[in-house]
Every structure is written in C-alpha cells, then in structure tokens.
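As a plain string of letters, each chain reads:
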Amino acid sequence: MSVQSFEKALADKNTILLDVRSPQEFEEGHLHNAINLDVLSSDFTSKVDALNTQNTVMVYCRSVKRSATAASILQSKGFKVIDLAGGITAWTSAGKSIVQ
C-alpha cells in the first residue's frame, strides 16, 4: 500500500501497527504507535499468536522484504494485513514524521 493510503488507514483505531525490524532499527526511528516485533526473532510467531485476529495488522520494515515475510506469516494465521510499500524508507522520503 502506498504511503498516502497507509497513512489514511492508520486512522482506523482497530488496527495494530507492527514494525518488524530489529530492536536496534526500531530505536533509531519508527512510526508513531508502532509495536516492535522482529520478524527474524525466534519468538515472532508466538508473539503474533497473542494478537487479536479481529484487528487489521499494518506492517512495515526498512524497505519491503521483512514486512512481506511478516505479512505472509500473519495472513496464514488469519489476519488481514496491510503492508507499507517501500517501508519506512518510503515513509520518510515522502516527508512523513517518525518517532526518534
């Protein structure tokens, strides 16, 4: 989903925003209200299992590779998933703010 559409979808209070990058990357800057769940960590799947499948999950990473992996896992567990095209790189390139 494009940056503009992603930003509009964030207004829905029934969404969960996941930053699927490493904790170090998350600390360097992330989208407001994002939860950090590193898709490459061994406990990613168990942490995802604790989320409510009734919520839409919005995911992003640095560019797109890790969020695509996360989206696949989430969809296999019954979540509706929205993936930010271009990741946080596209977000900041579009002039959108991040939390640092």
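Okay, so let's go over this structure. (Residues numbered from 1 in each chain as written. Predicted model: local features only at pLDDT ≥ 70, side-chain atom pairs only at ≥ 80, totals over all residues. Heavy atoms only, no water.)

Overview of the nonpolar core
- Residues Leu18, Val20, Phe44, Val57, Val59 and Leu74 are the most contacted members of the largest nonpolar core, which totals 15 residues.
- Looking at this core, the elements with two or more residues in it are β1 (15-19), α3 (44-49), β3 (56-60) and α4 (65-76).
- Sequence-distant contacts of Val20, defined by excluding residues within four places in its chain, comprise Leu37, Asp38, Val39, Phe44, Val59, Tyr60, Cys61, Arg66, Ser67 and Ala70.
- Residues Leu17, Phe26, Leu31 and Trp91 belong to the second largest nonpolar core, which totals 13 residues. (Core = buried A, V, L, I, M, F, W, Y, C linked by side-chain atoms within 4.5 Å. Buried < 20%, exposed > 50% of the residue type's maximum accessible area, 1.4 Å probe, protein only. Helix = DSSP H or I, 4+ residues; strand = E, 2+ residues; numbered from the N terminus. Contact = heavy atoms within 4.5 Å.)

Focus: the pattern of salt bridges
- One pass over the structure, following the stated rule, counts five salt bridges.
- Residue Asp19 is joined to Arg21 by a salt bridge in which the shortest nitrogen-to-oxygen separation is 2.7 Å. Note on accessibility: Asp19 and Arg21 belong to one class, buried.
- With a closest N to O distance of 3.3 Å, Asp43 and Lys47 form a salt bridge.
- You can call Asp43 partly exposed: its relative accessible area is 30%. (Salt bridge = Lys/Arg side-chain N within 4 Å of Asp/Glu carboxyl O.)

Focus: unusual backbone geometry
- In the Ramachandran plot, Asn33 falls in the positive-phi region, its phi being about 70 degrees despite a non-glycine side chain.
- Assignment of secondary structure puts Asn33 in the loop between α2 (23-28) and β2 (35-36).

Description of the packing of aromatic side chains
- Counted under the stated rule, the structure contains one aromatic pair.
- Aromatic pair Phe6 and Trp91: ring centres 6.3 Å apart, planes at 80 degrees, arrangement edge-to-face. Separated by 85 residues along the polypeptide, Phe6 in helix α1 (residues 3-9) and Trp91 in helix α5 (residues 87-93) bring together distant segments of the chain. Considered together, Phe6 and Trp91 belong to a single accessibility category, that of buried residues. (Phe/Tyr/Trp six-rings, centres within 6.5 Å; stacked < 30°, edge-to-face > 60°.)

Re the sheet that holds β2
- Strand order in the open sheet formed by four strands is β2-β1-β3-β4, with parallel pairing between adjacent strands. The open sheet terminates on both sides in strands that have one partner only, identified here as β2 and β4 (81-83). (Pairing = 2+ DSSP bridges.)

Concerning α4
- With 12 residues, α4 ought to run about 16 Å at 1.5 Å a step, and its terminal C-alpha atoms sit 17 Å apart, in line with that.
- Those residues of α4 not exposed but buried are Arg66, Ser67, Ala70, Ala71 and Leu74. Angularly, the buried residues of α4 cover 135 degrees about the axis, an arc narrow enough to put them on a single face. Facing away from the buried surface of α4 by more than 90 degrees, the exposed residues are Lys65 and Ser76.
- The elements touched by buried residues of α4 are β1, α2, α3, β3 and β4.
- Phi turns positive, to about 95 degrees, at Gly78, one or two residues after α4. (Expected span 1.5 Å × (residues − 1). Arc of directions from axis to C-beta.)

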